[in-house]
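# Structural features, examined
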Amino acid sequence: SRAEILWVLKFVVNHFSLRSCLGLNDLFKTMFSDSKIAKNFQLSKTECSYYINYGLSPLFLQQLIDTIKGTPVFVVSFDESLNDIIQDEQMDISIRYWDDMKGIVCTRYLTSHILKRPNAENLLKALLSTVNDINPENMIQLSMDGPNTNWKVLQLLSNEREEKELPSVVNIESCSLHVIHGAFKTGIEAAKWNLSKIMK
């Protein structure tokens, strides 16, 4: 099992196709003919997919949630677009937080929701079903792009948090990255630091 899990991790990190599992068992038996592990190595396309979806994915997701629960604050970002395959709207949620072990701010994909009707109420419902599993009181900002629907999500979220007596979220307009970048640029221009030249 350990050998199979290590292969599946390699498979994911290198974006291998599930077809790369075809013939793998015989290959390993031939390459490592003196190994009992290689002789017992059995990994089909289906088993590889099962390891990823039902074994490793829930484990890594839980580790991420546990890490976020241990941080004092976090930012939730969401974006929705049409999933070309299933022809429904897909809402992707990522999370930004301070990672004590790495000593940096990390942004990680958290989950996705498929929505039949991507109105503000349904977007908020999907968002809350994700965030409420973590520590909602530690959420400090909702990052999004600028359609009217998303502004309504922010308004509904603010109302919801007020009713539950949770801290209000910081509103720095629709795209936090652009706003913070603009503020940083204004700051270095005012300070007359030639940082742009150094960065280039």
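Higher on the page you've got the structure.
Overview of the structure. Treat the numbers as computed from the prediction; the structure is a model and nothing was measured. (Residues numbered from 1 in each chain as written. Predicted model: local features only at pLDDT ≥ 70, side-chain atom pairs only at ≥ 80, totals over all residues. Heavy atoms only, no water.)

## Quick word on unusual backbone geometry
Located in the positive-phi region is H15, a residue other than glycine, with phi close to 55°. With respect to the helices, strands and loops of the structure, H15 is situated in the loop between α1 (2-13) and α2 (24-31). Note on H15: relative accessible area 72%, which makes it exposed. Even without a glycine there, the phi angle at E165 is positive, about 60°. Tracing the backbone through its elements, the reader meets E165 in the loop between α6 (148-163) and α7 (176-191). Among the residues examined, E165 registers a relative accessible area of 72% and is labelled exposed. (Helix = DSSP H or I, 4+ residues; strand = E, 2+ residues; numbered from the N terminus. Buried < 20%, exposed > 50% of the residue type's maximum accessible area, 1.4 Å probe, protein only.)

## Comments concerning the packing of aromatic side chains
Inspection of every chain in the model, using the stated rule, returns six aromatic pairs. Between F11 and F16, the aromatic rings sit 6.3 Å apart at their centres with planes inclined by 85°, giving edge-to-face as the arrangement. By relative accessible area, which is 31% here, F16 ends up partly exposed. Among the aromatic residues, those joined into a ring-pair cluster are W7, F11, F16, F28, F32 and F41. (Phe/Tyr/Trp six-rings, centres within 6.5 Å; stacked < 30°, edge-to-face > 60°.)

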